[in-house]
Amino acid sequence: MADDFVNRLKRFQTRFFPRYRREYRQLVEEGQHPSTLFIGCSDSRLVPYLLTGSGPGELFIVRNVGNLIPPYDASHGYHGTTAAIEYAVLRLGVHDIVVCGHSHCGAIRALFTPTRTDAPHIARWLELARPALVDAEPTEANLRRTEMRAVVLQVERLMSYPMVRERVESGDLCLHGWYYVIEEGQVLGLDAGSGEFLPLS
C-alpha cells in the first residue's frame, strides 16, 4: 500500500475521527439508520459523500460497474446488488433510493466497442445496460443519451423488486434517477412527468 494512503489514514485517526467520535459511538450503540440507498458507479470520479455532503450513517451505498441493477431474480443465487437492495429496504427501511449515473462512463462507452474475450464477467454484466443503447455510433451525444437512458432503465428495474414496488405504491419509498455531469459539477434529476433530466442544484 502506498505511503500516501497510510498518511491519509493517520490524518483520519488524528484529525477527522476525533470530530465525529460521538457520532461514531452513537452509530455503534444504536445501529445505522440511513435514510437513503445510493446506487452509484464504481468510477473513482464519483464520490457519493462529497457529492451529497453526507456524513457517517447517512447513506447506504452500493457501487458497481455502470451503476447497474439486475432484474429481480428469486433464484437465491449470489446477487450482491440485489442483496444490498433487499437489506436497505427490508432491514434498514430507507425512504429513498437514488440511482446515480454520470458523464464519461466507461461502462457505457464499452457498449459501443467489441466485447473483450479476456473479460467475460464484464461483458456479461454490461448486458444489463445494453437495452439503453440509442445508436451504434459512439458520438458524444449518443454516449450521453445512453448514459441517461441507462439510469432510467435501472430505476424501472427497481420496480421489478416486490419489496420496492410495494413500498413505492404505499408511499413509503421514493425512487430517484440522477445524472452527474462530472465536468460541470452538476447533478441532473429525472423528472417523472416529462422523462427529462433537469438540474437539481
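This text gives an overview of the structure that appears in the document. Note that this is a predicted model, so its numbers are computed, not measured. Here the residue index of a chain counts from 1 through its sequence in written order. Residues qualify for local features only when their pLDDT is at least 70, as the model is predicted, and side-chain atom pairs are given and counted only at 80 or more; totals for whole chains, interfaces and linings, by contrast, use all residues. Where side-chain values are given, they derive from all heavy atoms of the structure, hydrogens and water being excluded.

**A few points about the pattern of salt bridges**
Step number 1: Salt bridge, as applied in this entry: a Lys or Arg side-chain nitrogen positioned within 4 Å of an Asp or Glu carboxyl oxygen. The tally for this structure, following the rule as stated, stands at 6 salt bridges.
Step number 2: Residue Arg109 is joined to Glu140 by a salt bridge in which the shortest nitrogen-to-oxygen separation is 3.3 Å. Of this pair, Arg109 sits in helix H5 (residues 106–110) while Glu140 sits in helix H7 (residues 140–158), and the two are 31 residues apart along the sequence.
Step number 3: On the basis of relative accessibility, which here comes to 37%, the residue Arg109 falls in the partly exposed class.
Step number 4: The shortest N-O distance in the salt bridge between Arg144 and Glu183 comes to 3.0 Å. The numbering of helices and of strands both runs from the N terminus, where a helix is a DSSP run of H or I of at least 4 residues and a strand a run of E of at least 2. Here the term buried applies to any residue with accessible area under 20% of the maximum for its type, exposed to any over 50%, and partly exposed to those in between, with areas from a 1.4 Å probe on protein chains only.

**Quick notes on H7**
Step number 1: End to end, H7 covers 28 Å across 19 residues, agreeing with the expected 27 Å (1.5 Å per residue, within 8%).
Step number 2: Buried within H7 are the following residues: Asn142, Leu143, Thr146, Glu147, Met148, Ala150, Val151, Leu153, Gln154, Val155, Arg157 and Leu158. Multiply 1.5 Å by the residue count of a helix minus one, and that product is the helix's expected span.

**A look at the pairing of strand E1 (residues 36–41)**
Step number 1: Most of E1 is tucked away, with 6 of its 6 residues classed as buried.
Step number 2: Paired strands are those between which DSSP finds at least two bridges. Here E1 pairs with strand E2 (residues 59–64) via 6 bridges, running parallel. The residue of E2 that forms the bridge with Phe38 is Ile61.
Step number 3: Judged from the 5 bridges that link them, E1 and strand E3 (residues 96–102) form a sheet pairing that is parallel. Following the sheet pairing, Ile39 is matched in E3 by Val99.

**Here's the deal with the packing of helix H1 (residues 3–19) against helix H2 (residues 21–30)**
Step number 1: As a packed pair, H1 and H2 sit with axes 4 Å apart at the nearest point and diverge in direction by 70°. Overall, the two elements H1 and H2 adopt an arrangement that is roughly perpendicular. Only Arg21, Glu23 and Tyr24 of H2 make contact with H1, whose side of the interface consists of Phe12, Phe16, Phe17, Pro18 and Arg19.
Step number 2: Classification convention: Asp, Glu, Lys, Arg as charged; Ala, Val, Leu, Ile, Met, Phe, Trp, Tyr, Cys, Pro as nonpolar; all other residues, Gly among them, as polar. Class assignment of the residues belonging to the contact of H1 with H2 gives a composition of 5 nonpolar, no polar and 3 charged. Simply put, an axis is a line fit to the C-alpha atoms, just over the touching stretch for a helix, and the angle between two N-to-C directions goes from 0 to 180 degrees. Small angles under 35 degrees read as roughly parallel and large ones over 145 as roughly antiparallel, with 65 to 115 read as roughly perpendicular and the rest as oblique. Contacts are assigned to residue pairs with any non-hydrogen atoms lying within 4.5 Å of each other.

**What to know about the packing of helix H4 (residues 80–91) against helix H8 (residues 162–169)**
Step number 1: Two elements in contact, H4 and H8, have axes separated by 9 Å at closest approach and are oriented at 40°. By the angle between their directions, the pair H4 and H8 is classed as oblique. In terms of crossing hand, the pair formed by H4 and H8 is left-handed. Contact with H4, carried on its side by Ile85, Glu86, Val89 and Leu90, involves Met163, Val164 and Arg167 of H8 and no other residues of that element. For a crossing to be left-handed, the near helix must be turned anticlockwise from the far one by less than a right angle; the clockwise case is right-handed.

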